Amino acid sequence: MSALQLSVVIPVYNEEQGLQALFDRLYPALDKLGIGYEVLFVNDGSRDRSAAILREQFQKRPEVTRVILFNGNFGQHMAIMAAFEHSRGQRVVTLDADLQNPPEDIGLLLAKMDEGHDYVGSIRRQRNDSAWRHIASRAMNGLRERITRIKMTDQGCMFRAYDRHIVDAVNSCKEVSTFIPALAYTFARNPAEVVVGHEERAAGESKYSLYSLIRLNFDLMTSFSLVPLQMFSMMGMLISVFSGLFFVFLAIRRLVIGPEAEGLFTLFALMFFLIGIALFGIGLLGEYIGRIYQQVRHRPRYLIEAVLEEQEKGKGRRVKSSQADVVAGEVNPFAVAEPKKRKAKAADETAHPSLFSDAQE
Ligand code: UDP
Ligand code: MG
């Protein structure tokens, strides 16, 4: 393998306002570390100018920058997944594009790894998120810790460092819906955490609505634990026992006191309660079944439109795309055999600089 020591992975979704500020801080911080690094941006189907800005940045620093352009919006975790698969560094650090985690703190994570840890999570020193996010994530942290046995103090913080062997293990997972920090955690031999700074979003707004946060937490719970399902069997058992006892009680009452028609509303209350539980249980089953369904379809988890990167041996800019695998002007000898016509056309396209401006929609 190459001597590349660090890959920094950054998912980008509609971040046009903040990207330049990110570049201005990230690159100097990485240069200062004095190690071989690469920055891997994944454009997760942004609908703004993000892709174009990333392309410009790639042209400015092609030796350390690589850009993966997705075909659509596949979510933050799929973006990280794709970057993991393309990463070459001995260590991989994931970072959000919004500058909420200071890039200057990457050194802290690496120093912790030097102590022999293969997974370094981070804890936000003081959180600068809205109050409801704060409270909700506290609650979810507690619940998650209890049912998944994954110990992360701050599950929402994506600023983490992973050793190569963990990244390889994650890459070998073919899960469709996942939560990278938790998945990686299950492969870690010696995890640790450090405290890092946290700032307010530099620009733009959070890409997570309440709805997508709930979805994400379902992913986290159901991908890593069967406890929610098991809880339902336990609850079902308890309720059956109690209703059995209740039935015996009512039967005895009928014999002792005689027929009575009061307590109708108690009955309603009881029924609604039980119906509520039953519906939630069915929904929960649906969550698992939905995931099984997604998994058995074996659809690709994400589609890459193009990868902007320099050729590994240093010369020639290579543009890879899902339809074409081409080395600046010449046909890549390693490309999978495809109809001649298509290849020729693709090679032709790379000859024109326009590829750097027209692929973006
Ligand atoms: N992101 C992404 N795809 C999405 C949503 C978000 O790649 O569908 C990226 C986003 O650009 C950012 C990171 O994931 O770099 C975290 O998103 P955000 O800051 O909105 O989340 P929050 O900090 O509010 O949890
Ligand atoms: Mg953020």
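As the structure is a computational prediction, the values presented were derived from the model and not from experiment.

It is worth spelling out the overall build of the protein at this point. Of the regular secondary structure elements, the protein holds 12 helices and 11 strands. For the protein, with 361 residues in total, the buried portion stands at 45%. Taking contacts inside the protein between residues at least 6 apart in sequence as the whole, the part at least 24 apart equals 78%. Carbon and sulfur atoms form 61% of the exposed surface of the protein, whose accessible area is close to 19,500 Å².

Looking at the magnesium ion (ligand 2), the protein donor atoms are Asp98 (OD) and Gln100 (OE1), and they sit 1.8 to 1.9 Å from it. The buried category is assigned to Asp98, whose relative accessible area is 6%. Gln100 sits in the buried class, given a relative accessible area of 11%.

UniProt's entry tags residues 231-252 and 264-289 with the feature "transmembrane region" (unreviewed entry), counted in the numbering of this structure. Taken end to end, residues 231-252 is 100% helix and 0% strand, and its first and last C-alpha atoms sit 32 Å apart.

Glancing now at the site of ligand 1. Residues in close proximity to ligand 1 total 17 residues, the closest being Glu15, Asp44, Asp98, Ser206 and Lys207. Gln76 has a polar backbone atom sitting 3.4 Å from a nitrogen atom of ligand 1. Here Gln100 contributes a side-chain N or O atom positioned 2.8 Å from an oxygen atom of ligand 1. Class assignment of the residues belonging to the shell around ligand 1 gives a composition of 5 nonpolar, 5 polar and 7 charged.

Attention now goes to the pairing of strand β5 (residues 119-124). Most of β5 sits inside the fold, with 5 of its 6 residues counted as buried. For β5 and strand β6 (residues 160-163), the ladder comprises 2 bridges, and the chain directions are antiparallel. By the bridge assignment, Val120 is partnered in β6 with Ala161. Here β5 runs beside strand β7 (residues 191-196); their pairing, made up of 6 bridges, is parallel.

Our next topic: the side chain of Thr222. Along the chain, Thr222 falls in helix α8 (residues 210-224). Residue classification places Thr222 among the buried positions, given a relative accessible area of 8%. From its side chain, Thr222 meets the backbone oxygen of Phe218 in a polar contact 2.6 Å long. Separated by 2.9 Å, the side chains of Thr222 and Arg291 make a polar contact.

With that settled, the discussion passes to helix α10 (residues 264-297). Across its 34 residues, α10 extends 48 Å between first and last C-alpha, which sits within 8% of the 50 Å expected from 1.5 Å per residue. The complete set of buried residues in α10 reads Ile277, Gly281, Leu284, Glu287, Tyr288 and Arg291. Contacts made by the buried residues of α10 are with α8 and α9 (227-257). Phi turns positive one or two residues past the end of α10, at His298, with a value near 55°.

Before going further, it helps to spend a moment on a nonpolar patch on the surface. On the surface, a cluster of nonpolar side chains totalling about 970 Å² of accessible area is made up of Leu264, Phe265, Leu267, Phe268, Met271, Phe272, Ile275, Leu279 and Ile282. Mapped onto the secondary structure, Phe265 falls in helix α10.

Attention now moves to the confidence of the model for the protein. Predicted coordinates in areas of low pLDDT are best not read in detail. Per-chain confidence: the protein averages 82 in pLDDT, with 86% of residues scoring 70 or above. Here residues 321-361 is modelled with pLDDT under 50, and outside its nearest four sequence neighbours on either side it reaches 47 contacts, counting other chains as well.

Here we come to the pattern of salt bridges. Summed over all chains, the structure comprises 20 salt bridges. Salt-bridge contacts for Arg201 lead to Glu15; the nearest nitrogen and oxygen are separated by 3.1 Å. Here Glu15 lies in the loop between β1 (6-12) and α1 (16-33) and Arg201 lies in the loop between β7 and α8, a separation of 186 residues in the sequence. The pair Arg201 / Glu15 is uniform in exposure class, with both members buried.

End to end, α8 covers 21 Å across 15 residues, agreeing with the expected 21 Å (1.5 Å per residue, within 8%). Burial in α8 covers these residues: Ser212, Leu213, Leu216, Asn217, Asp219, Leu220, Met221, Thr222 and Phe224. For α8, the secondary structure elements touched by its buried residues are α3 (76-86), α5 (131-148), α7 (180-187) and α10.

Evaluated as defined, the whole model comprises 10 aromatic pairs. Taking the centre distance of 5.6 Å and the plane angle of 55° together, the rings of Phe232 and Phe280 count as tilted. In this pair, Phe232 is assigned in helix α9 and Phe280 in helix α10, connecting sequence segments 48 residues apart. Here Phe280 falls in the partly exposed class, since its relative accessible area comes to 49%. Connected via pairs of aromatic rings, a cluster forms that spans Phe84, Tyr119, Tyr162 and Tyr185.

Thresholds applied
- Residues numbered from 1 in each chain as written.
- Chains lettered and ligands numbered in written order.
- Predicted model: local features only at pLDDT ≥ 70, side-chain atom pairs only at ≥ 80, totals over all residues.
- Heavy atoms only, no water.
- Helix = DSSP H or I, 4+ residues; strand = E, 2+ residues; numbered from the N terminus.
- Buried < 20%, exposed > 50% of the residue type's maximum accessible area, 1.4 Å probe, protein only.
- Contact = heavy atoms within 4.5 Å.
- Areas by Shrake-Rupley, 256 points an atom, 1.4 Å probe, with all protein chains shown as cover.
- Donors = N, O, S within 2.8 Å, 3.2 Å for Na, K, Ca; no water.
- UniProt positions renumbered as here; feature names shortened; annotations may be inferred.
- Near = heavy atom within 4 Å.
- Polar contact = N/O pair within 3.5 Å; in protein donor to acceptor, adjacent residues only side chain to side chain.
- Nonpolar A, V, L, I, M, F, W, Y, C, P; charged D, E, K, R; others polar.
- Pairing = 2+ DSSP bridges.
- Expected span 1.5 Å × (residues − 1).
- Patch = residues over 30% accessible without salt bridge, like charges linked within 9 Å, V, L, I, M, F, W, Y side chains within 5 Å.
- Salt bridge = Lys/Arg side-chain N within 4 Å of Asp/Glu carboxyl O.
- pLDDT = per-residue confidence, 0-100.
- Phe/Tyr/Trp six-rings, centres within 6.5 Å; stacked < 30°, edge-to-face > 60°.

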